[in-house]
Amino acid sequence: MMKKIRIFILLFCVIVLNAHFQLISQETNKIQLPDIGEKTLLSSGWFARRANEVRVDGNRLTAGTFNPDGWMKAKVPGTVLTTMLENNMFPAPEVSLNNNLIPDIYVVGKEFYTFWFVCPFEVGTLDSNRQIWLNFRGINYKADIFLNGKRINNDTQEGMFLRHNYCINDRLKENEVNLLAVIVYPPDYPGNANGGQGGDGQIGRNVTMQFTPGWDWIQPVRDRNTGIWDEVSLTATESVILRNPYVVTKVPGIRQPEGNQSDAFVRTSVEVENTSAIARTGTLVCETNAGVMRQNLTLSPYEKRQVAFKELTVKNPRLWWPNGIGEQNLYDMRIYFEEGGVVSDSHRLRFGIREITSEKDAVTGGRKFHVNGQPIYMTGGNYIASDWLLRLSPERYRAEVRFHAEMNVRMIRVWGGALLERPEFYDACDEYGILVFQDLWGTGDCNGAWEDQTKLDSRARRWEYPDNHSLFLTTVEDQVKMIRNHPSLCLWCGGNEWPLADDIDEALKCEMMPRLDPERLFISYSTDTLFTRNTIGGVGDGPYGIQEPEWFFTFRSTPFNPEAGSVGTPEIESLRAMMTESELNAFPRSGSRTINATWQYHKDLGYGNHLERYGEVTDIETYVKYAQVVNYDQYRSFMEGRASRMWEWYTGILIWKTQNPWTALRGQMYDWYLDVNATLYGTRKGCEPFHPQYNIVSKQVELVNTALGKHDVTVKAQLYLLSGNVVWEKDTAVMMLPNRVERLFEVPAPVGIDGVYFLKLTLMDGGKTLTDNVYWLTNKEKDYSSLNRLPKSTPDISITLNQQQTNYIGTVSLTAKDQISFFNRIKVFDKQTGERILPVHYSDNYITLMPGDRKTVTLEFTSPIPKERIDIKITEW
């Protein structure tokens, strides 16, 4: 039966593929060869075809004239599946149950997703003194590469992440068409997507991302992301080449973000290689904003050497600080080798002057990090990947990292079942002050942390994964060198929830990390005793479902939990984009887990009875309306409960998760479409550096300062009835000390009311409001349904919008009248199409105003449409 199904799927897909073959006219991709120190991307003009339909080998394929008849236009960087999607072979797999229409590699076999990618390109006149390099930054999983009739890789490329570069001078033709062809093979062990986390676990035998056979928050990636998934480029050098510069900064003492600074120190080294048969003499130069260093060198034929510059002293340095602490100052550096007045090779990079240290905190048992001598309370989230099919871009990276900065968090953990992200991701983290907790490629699920009936191999066998340990370690060395200069990179972690194979773990701890990146902490796994103390049992992380808000204040979790999460239903527009109306109307009811296939397929987590506490859920609009209120309160309580015990119980907390790489229905501050939901703003509120909060267990007002510096402030508390009348208020002056929680005063329960009332906390510096924080509370046990008795109230709205080309910056000012205006959501649309404009960055959202309150929100987005089509809408409760 399985054989018949496999044959049927193969025949179906051949028919579909032939229906989408395009007769493409021969178009030569004319490219400009790069100057030294620059690169030219080969990102257009690619074609693709299934390998078993190409009847010649790579030598013959690239030796003559390329005929594109029967080939598809290919997406590079991209995967086999994204090329198929670009050619309309399958419907969007993020929508409904469409992913089930795409053949899984385990069913149809690896040949189905083994593809040739061909790029005809033409260059101008070649300089005989220069070497031209062809660079691949990532191919999944194996590849052979041919150029103009010759295979240029002596060994088959293997491993998803390992970078490769080839000198192609002897094969490159000037002023005529060159033919580059790459045959890409899927992972050796794609695994059975059987519903287990990582499927049957076989994916772990490869050095690749492990989530592609599916997880409890994602469905399987059908081709396991086979393809030339990262950039292909050309670079130019002369005979002496430079590789892998390494910058270490030292900032002695305890610093403040403001004022003049004492000296800091910069240590720089670089790998230098003479690729010629004669000795080379020249000058190695390092230029930065802070000074210039030179070193004369003579290199023997084919010599490779690590060269270190003299330590540079930087006077009054501009320091780099995490988000919410200080500025993210960055310096430029250029390293080049010059011979006889001619630059042979050149590298540019950015670095930040900062020093990160840490220790196991004696009080809490959690890891305590210091930046520039100052203790930093770490809030953050787990990040999987920007897109499940690896449709990556600098713009999307920047939007996602910026969302994290707007949450007021300070750390992103790049989770070990995915990938070490691309340099552009870390560029964005550098700019926004987001520290990175970087996992390598291993998970407890695939790598043997426990017995698992969904796995094909035994637990003992899985702990030996991957099959090629040498490839794993070689890849680690390459990837560490790729990103180690980023000031945002905080620590390395071997695997998620479980150490890697013994010999790999030992090599990383004792040899590789001390040699490659000795300034950073390395932990063997995410709940390693070096990092935290397991006080909750199991593997020491979680839980992952919805909790009572009080639980976050009373339950003592691990002192630095690397992953604990909750719900995260997206907004109604995203739900409508990912489901049909009939599927939407099958939303979960009465607090039970959903039984609808589409909601299950998109991994709905369930809200228990939390939505019904706000009233009867009669339609999908009401479901989402209540879900957003719960989202906001859940994550605000999550972060406030932890902050209430800062340095007493906790040194940090990382949310599981802050984003999703596909259209999931759980654990996300923004969705796959890059639309925000109320979880982001509840998190943002709970993570404010200067933050007045209400401890819902002790009934006390607390003042939390997770930043630096002292401030004389006033905290004011007011209780409001649904009518908008104030029934109690109190204020107190306090010195807000750095890294401190102050417990101020109790809030009494109002008398003579039935149901919901509001508590507003305001933090003031003189007459200036720094922030406020509004709670909806109830004196009826878990019953918030009286919110529906709020008098209808639409705030006065004033909107400004300024345009510079495709960039828009605007403000929305909301002023409450004589009634409470609850949970106002701002969103941006295209008037003509009715489609959302995404992403939009709001300084705040889901805003509640007491009578007479005014709040101004800034918003920023990019769109090619004219200003008159921009439609900014506000929806209220």
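Residues numbered from 1 in each chain as written. Predicted model: local features only at pLDDT ≥ 70, side-chain atom pairs only at ≥ 80, totals over all residues. Heavy atoms only, no water.

A. Representation of the overall build of the protein. When helices and strands are tallied, the protein shows 15 helices and 44 strands. With the principal axes as the frame, the protein shows a C-alpha extent of 90 × 70 × 60 Å. Here the protein, with 877 residues, has 63% of them falling under the buried criterion. Long-range contacts, defined here as pairs at least 24 residues apart, represent 73% of the contacts in the protein between residues at least 6 apart. Total accessible area computed for the protein in this model is approximately 32100 Å², and 48% of it derives from carbon and sulfur atoms. Side-chain charges of the protein comprise 94 positive and 107 negative groups, with the mean position of each set lying 0 Å from the other. (Helix = DSSP H or I, 4+ residues; strand = E, 2+ residues; numbered from the N terminus. Buried < 20%, exposed > 50% of the residue type's maximum accessible area, 1.4 Å probe, protein only. Contact = heavy atoms within 4.5 Å. Areas by Shrake-Rupley, 256 points an atom, 1.4 Å probe, with all protein chains shown as cover. Lys, Arg positive; Asp, Glu negative; His and termini not counted. Charge placed at Lys NZ, Arg CZ, Asp CG, Glu CD.)

B. Structural view of the sheet that holds strand β23 (residues 374-376). On the basis of which strands lie adjacent, the open sheet formed by three strands has the order β21-β22-β23 and antiparallel pairing. Each end of this open sheet is capped by a strand with a single partner; those strands are β21 (356-360) and β23. The sheet shows a mean angle of 35 degrees between the axes of neighbouring strands, direction not considered. Summarising the sheet, strand β22 (residues 367-371) and β23 pair through three bridges and their orientation is antiparallel. If you follow His370 over to β23, its bridge partner there is Pro375. (Pairing = 2+ DSSP bridges. Axes fitted to C-alpha atoms, helices over the stretch in contact; angles between N-to-C directions.)

C. The pattern of salt bridges, seen in detail. Enumeration over the complete set of coordinates arrives at 65 salt bridges. When the shortest N-O distance is used, the salt bridge between Lys455 and Asp452 registers 2.9 Å. On the basis of relative accessible area, Asp452 is assigned to the buried category, the value being 18%. Salt bridges linked by common partners bring Lys39, Arg137, Asp230, Glu231, Arg422 and Glu424 together as one network. (Salt bridge = Lys/Arg side-chain N within 4 Å of Asp/Glu carboxyl O.)

D. Just the nonpolar core, in detail. Within the largest apolar cluster, 188 residues are counted, with the highest numbers of intra-cluster contacts made by Trp46, Phe211, Phe758 and Trp776. With twelve residues, helix α14 (residues 620-643) is the largest single contributor of residues to this core. Excluding its chain neighbours within four sequence positions, the residues that come into contact with Trp776 are Tyr614, Val629, Tyr632, Asp633, Arg636, Val756, Tyr757, Phe758, Tyr784, Leu787, Phe822 and Phe823. One finds Val272, Leu297, Leu330 and Leu708 within the second-largest nonpolar core, a separate group that totals 47 residues. (Core = buried A, V, L, I, M, F, W, Y, C linked by side-chain atoms within 4.5 Å.)

E. Geometry of α14. Taking 1.5 Å per residue as the helical rise, α14 with its 24 residues ought to reach 34 Å, and the 34 Å between its terminal C-alpha atoms agrees with that figure. Taking burial as the measure, the 24 residues of α14 include 22 buried ones, the bulk of the element. (Expected span 1.5 Å × (residues − 1).)

F. Inspection of the confidence of the model for the protein at higher detail. The predicted model of the protein has a mean per-residue pLDDT of 95, with 96% of residues at 70 or higher. Segment residues 1-26 is flagged for pLDDT under 50; beyond a separation of four residues in sequence, or across chains, it makes 43 contacts in the model. (pLDDT = per-residue confidence, 0-100.)

G. Seen up close, the packing of α14 against helix α15 (residues 678-686). Their axes nearest at 7 Å, the elements α14 and α15 cross at an angle of 30 degrees. By the criterion of interaxial angle, the relationship of α14 to α15 is roughly parallel. Relative to α15, α14 is oriented so that their crossing is right-handed. In contact with Gln628, Asn631, Tyr632, Tyr635, Arg636, Met639 and Glu640 of α14, α15 contributes Ala678, Thr679, Tyr681, Gly682, Thr683, Lys685 and Gly686. In terms of residue class, the contact of α14 with α15 is made up of five nonpolar, six polar and three charged. (Parallel < 35°, antiparallel > 145°, perpendicular 65-115°, else oblique. Left-handed = near helix turned anticlockwise from the far one by under 90°. Nonpolar A, V, L, I, M, F, W, Y, C, P; charged D, E, K, R; others polar.)

H. Fine view of helix α5 (residues 394-406). Between the first and last C-alpha of α5 there are 18 Å, a value that for 13 residues agrees with the 18 Å anticipated at 1.5 Å per step. Of all the 13 residues making up α5, ten are buried; the element is thus mostly covered by neighbouring parts of the structure. Listed in full, the buried residues belonging to α5 are Arg396, Tyr397, Ala399, Glu400, Val401, Arg402, Phe403, His404, Ala405 and Glu406. Tucked inside the fold, the buried residues of α5 contact β24 (378-383), β25 (411-414), α6 (423-432), α15, β41 (840-842) and β43 (854-862). Among the residues trailing α5, Asn408 stands out with phi positive, at a value near 70 degrees.

I. Quick look at the sheet that holds strand β44 (residues 870-875). Read across the sheet, three strands follow the order β42-β40-β44 without closing on themselves; strand pairing throughout is antiparallel. At either end of the open sheet lies a strand with only one pairing partner, and these are β42 (847-849) and β44. Direction aside, neighbouring strands of the sheet carry axes that sit 30 degrees apart on average. As judged from the six bridges shared by strand β40 (residues 821-830) and β44, these two strands associate in the antiparallel manner. When the sheet's bridge partners are listed, Val828 is paired in β44 with Ile872.

J. Expanded view of the environment of Thr40. Looking at the element boundaries, Thr40 is found in strand β2 (residues 39-41). On the accessibility criterion, Thr40 (14% relative accessible area) is buried. In the structure, Thr40 is positioned 700 residues away from Arg740 in sequence and 51 Å away in space, judged by C-alpha atoms. The residues touching Thr40, leaving out its near neighbours within four places in the chain, are Ile31, Gln32, Leu33, Pro34, Val232, Ser233 and Leu234. Engagement of the side chain of Thr40 in a polar contact is seen with the backbone oxygen of Gln32, the distance being 2.8 Å. (Polar contact = N/O pair within 3.5 Å; in protein donor to acceptor, adjacent residues only side chain to side chain.)

K. Broad picture of the packing of aromatic side chains. For the coordinates displayed, the defined rule picks out 50 aromatic pairs. When the ring of Phe403 is compared with that of Tyr670, the centres are 4.8 Å apart and the planes differ by 35 degrees; the resulting orientation is tilted. Residue Phe403 is located in helix α5, and its partner Tyr670 is located in the loop between β30 (652-656) and α15; the two are separated by 267 residues in the primary sequence. Each member of the pair, Phe403 as well as Tyr670, is classed as buried. Note on Tyr544 and Trp656: the rings are 6.5 Å apart at their centroids and 80 degrees apart in plane angle, and the pair reads as edge-to-face. Taken as a pair, Tyr544 in the loop between β28 (521-525) and α10 (551-554) and Trp656 in strand β30 lie far apart in primary sequence, 112 residues in all. Assessed through its relative accessible area of 31%, Tyr544 is described here as partly exposed. Take Trp656: its relative accessible area is 10%, and that puts it in the buried class. Through successive ring pairs, a cluster of aromatic residues spans Tyr614, Tyr626, Tyr632, Tyr681, Phe758, Trp776, Tyr784, Phe822, Phe823, Tyr846 and Trp877. When the ring centre of Phe112 is taken as reference, the NZ or CZ atom of Arg50 above it lies at 4.1 Å. Here the basic side chain of Arg636 rests over the ring of Trp776, its NZ or CZ set 5.2 Å away from the ring centre. (Phe/Tyr/Trp six-rings, centres within 6.5 Å; stacked < 30°, edge-to-face > 60°. Lys NZ or Arg CZ within 6 Å of the ring centre and 35° of its normal.)

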